[in-house]
Amino acid sequence: MGRRYSTMTITAPEVEEDPSRSNDNECPLVSPCTHSGIIPSDLALSLKSLVSDTSSFWTSGRVPHLSRVPSGRYFYRKFVSRSVPCVVSVGDGTFRRRKGAGRVPHMPAGLTVDDLIRVMGQDAKVTVDLTPDGRGDCVRNVEGRTGDVERMFLRPMEVTMTMGDFVQGMRTSEAAAVAGGAVDNRVSESKPFPVRRDGSGTKVPDALTLPSELDDDQSAVFYYSRQNDCVRKELPSLFATGLIPSNIPFAAEAFEDSDGSDSDGSDSDGPSTRPLAEPEAINLWVGGSRSVSAEHRDPYENIFYVCSGTKIFDLRPPSDVGFLREAEFTAGAFAFDRDAGGWHVVPDGENTVRWIDSSDCDNPEASCGTPSRHIRVKVRAGEMIYIPSLWFHRVSQTEETVGVNYWFDMVFDAKWCYYNFVGTVGALLHDNLKKRRQKEAEDETGAIETESHENIKKV
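For the structure given in this document, a descriptive report is provided here. If you're wondering where the values come from, they're calculated on a predicted model, not measured in any experiment.

What follows concerns the overall build of the protein chain. Of the regular secondary structure elements, the protein chain holds 9 helices and 18 strands. Within the protein chain, the proportion of its 459 residues that are buried is 54%. When the accessible surface of the protein chain is totalled, it reaches about 21,000 Å², and 51% of it is carbon and sulfur.

Turning next to the pairing of strand 5 (residues 138-143). When a strand is regular, its side chains alternate between the sheet's two faces. Taken across its 6 residues, strand 5 has 5 buried, putting it largely inside the fold. Sheet analysis places strand 5 next to strand 6 (residues 149-155), joined by 6 bridges and oriented antiparallel. Across the sheet, the residue bridging to Arg140 is Met152, located in strand 6. Two successive antiparallel strands, strand 5 and strand 6, enclose a turn made up of 5 residues, where Gly147 displays a positive phi of approximately 95°.

Inspection of the secondary structure puts Gly72 in helix 2 (residues 72-80). Here the alpha-carbon distance between Gly72 and Pro249, two residues 177 residues apart in the chain, equals 7.5 Å. When residues no more than four places from it in sequence are discounted, the contact partners of Gly72 are Phe250, Glu253 and Ala254.

So, about the pairing of strand 15 (residues 375-380). Covered by surrounding structure in strand 15 are Ile375, Val377 and Val379 only, the residues Arg376, Lys378 and Arg380 on the alternate face being uncovered. As judged from the 6 bridges shared by strand 12 (residues 310-316) and strand 15, these two strands associate in the antiparallel manner. Note that in strand 15 the partner of Asp314 across the bridge is Arg376.

Before going further, it helps to examine helix 2. Summarising burial for helix 2: 7 of the 9 residues are buried, a large majority. Of the residues making up helix 2, those classed as buried are Gly72, Arg73, Tyr74, Phe75, Tyr76, Phe79 and Val80. Along its buried surface, helix 2 packs onto strand 1 (65-66), strand 2 (86-89), helix 7 (249-256), strand 11 (300-308) and strand 16 (383-387).

Quick look at the packing of helix 2 against helix 7 now. At a closest axis distance of 8 Å, the pairing of helix 2 and helix 7 adopts a crossing angle of 65°. Read as a crossing pair, helix 2 and helix 7 show a hand that is right-handed. Seen from helix 2, the contacting residues are Gly72, Arg73, Phe75, Tyr76 and Val80; seen from helix 7, they are Phe250, Ala251, Glu253, Ala254 and Phe255. Of the residues that constitute the contact of helix 2 with helix 7, the class distribution is 7 nonpolar, 1 polar and 2 charged.

With that settled, the discussion passes to the pattern of salt bridges. Scanning the model with the defined rule gives 16 salt bridges in all. Here Glu301 and Lys415 are joined by a salt bridge, their closest N and O atoms 3.8 Å apart. Of this pair, Glu301 sits in strand 11 while Lys415 sits in helix 9 (residues 414-458); the two residues are 114 residues apart in sequence, bridging distant segments of the chain.

What follows deals with the sheet that holds strand 3 (residues 125-131). Strand order in the open sheet formed by 3 strands is 7-3-8, with antiparallel pairing between adjacent strands. Pairing within the sheet leaves two strands with one partner each, and these edge strands are strand 7 (157-162) and strand 8 (221-223). Across this sheet, the average inter-strand angle for adjacent strands is 40°, counted without regard to direction. Bridge count between strand 3 and strand 7: 6 bridges; the pairing is antiparallel. Each residue of the ladder has a partner; that of Thr127, found in strand 7, is Thr160. Across the sheet, helix 4 (residues 163-179) touches strand 3, strand 7 and strand 8, and the angle it forms with strand 7 is around 120°.

Moving on, we come to the sheet that holds strand 14 (residues 342-356). In spatial order, the strands read 5-6-13-14; together these 4 strands make up an open sheet with mixed pairing. Edge positions in the sheet fall to strand 5 and strand 14, since each of these pairs with one other strand and no more. In this sheet, neighbouring strand axes are inclined to one another by 45° on average, regardless of whether the strands run parallel or antiparallel. When strand 13 (residues 326-337) meets strand 14, the two strands line up antiparallel, connected through 11 bridges. Residue pairing in the sheet places Phe329 in a bridge with Val353 of strand 14.

This paragraph deals with helix 4. Under the 1.5 Å per step criterion, the end-to-end length of helix 4 is 24 Å for 17 residues, consistent within 8% with the ideal 24 Å. Taken residue by residue, helix 4 has Met163, Gly164, Phe166, Val167, Gly169, Met170, Ser173, Glu174 and Ala177 as its buried positions.

Here we take up the side chain of Thr401. Secondary-structure assignment places Thr401 in strand 18 (residues 401-409). Reaching out from Thr401, the side chain makes a polar contact with the backbone nitrogen of Thr310 at a distance of 3.4 Å.

Located in the positive-phi region is Asp229, a residue other than glycine, with phi close to 65°. By secondary structure assignment, the location of Asp229 is in the loop between strand 8 and helix 5 (230-233). Residue classification places Asp229 among the buried positions, given a relative accessible area of 6%. A positive phi angle is found at Leu390, which is not glycine, with a value near 75°. Relative to the helices and strands, Leu390 resides in the loop between strand 16 and strand 17 (392-397).

Scoring rules and cut-offs
Residues numbered from 1 in each chain as written. Predicted model: local features only at pLDDT ≥ 70, side-chain atom pairs only at ≥ 80, totals over all residues. Heavy atoms only, no water. Helix = DSSP H or I, 4+ residues; strand = E, 2+ residues; numbered from the N terminus. Buried < 20%, exposed > 50% of the residue type's maximum accessible area, 1.4 Å probe, protein only. Areas by Shrake-Rupley, 256 points an atom, 1.4 Å probe, with all protein chains shown as cover. Pairing = 2+ DSSP bridges. Contact = heavy atoms within 4.5 Å. Axes fitted to C-alpha atoms, helices over the stretch in contact; angles between N-to-C directions. Left-handed = near helix turned anticlockwise from the far one by under 90°. Nonpolar A, V, L, I, M, F, W, Y, C, P; charged D, E, K, R; others polar. Salt bridge = Lys/Arg side-chain N within 4 Å of Asp/Glu carboxyl O. Expected span 1.5 Å × (residues − 1). Polar contact = N/O pair within 3.5 Å; in protein donor to acceptor, adjacent residues only side chain to side chain.

Below you can see the structure in the form of structure tokens.
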């Protein structure tokens, strides 16, 4: 598969935290909205308490910033075992040598898009994500069969092109965004996308006739965001250079140490001699300020390193699963045909994807069901962020940015059980709320009809 989607059904030395960076990692609470008059009051209070306890004892409203690369043991005890995110300054990109290890890995500090072209070549083939506004892999409005509006999970249009064409398209789109002023990263739903349901569109085209046909009116956003271990599987020439290391030593040591002890049951503070955990996937990300990864969660431990530019991560803890509207949506993909009116949607048939409806997440005034909060973190070039498994995150960038992330398998333990339980309770509450609102609407309609009939009788 070209993309990965999380479809699991809900049924060393002491490292100093740098207080000078705390302002980057703070953001105000999202406007609270409760339905204590609609859902049982005692359960509503319990959910409020969960949010309050999460803020007080777990997330504290900020993400720690480590001024030095930690040891695997420290990283495990302080962050992995507690499911707490953190930002690590890697400095010049060099890690300390682990006992018994070979060559010291070196992160690609300062790696830019132009560097990638020099290494890979202008004619190197890459598969790029194209969308009309930089927002794929999220739930959008599409035209329904009867003229109404439906919500559908839409993937980007995947197009194979040369590295040179990709960079040209990305920079053309970015220049248009700069010329147009500030970029609004919220999903715009002013007009539903047309759906081609005529059988001919069961596949998204593999390539455009000419990428330049999308450049004339800046109607496409180009983003390299493959999530299929693309560094090792699709970019062998880049991986062979050694610019992108095959592992992150301190993280791999921590994720191997799932129970916090060595294989013989000891718990010494000395360096571990056990084999390092291997990443499940290594992915390259290249995009501009118009590209956004919608809010989601992954069943992986995630280490994301920013080579150049700045990434913005909006985080929510797993306890928010009960407050976000994860649901099953029919799936489709963007496609482009200028002769047929430009951008449209090709449905996948009966396939569905479990996802969050970002319209609730992006709009603080939307009916969220409970108070919730984002923790905003800016990760700059030369820094990496640890996103624990099951943490919700939405990702954007302020400029042309190159990054690489490492996915490690998560441990399915008690936290997975609690996560499922909270998610199930939240789903029941949302269903209850929906039914109550439908009944209120029906009662209101009935009352209007009754009043109308009474008036007719009087006449």
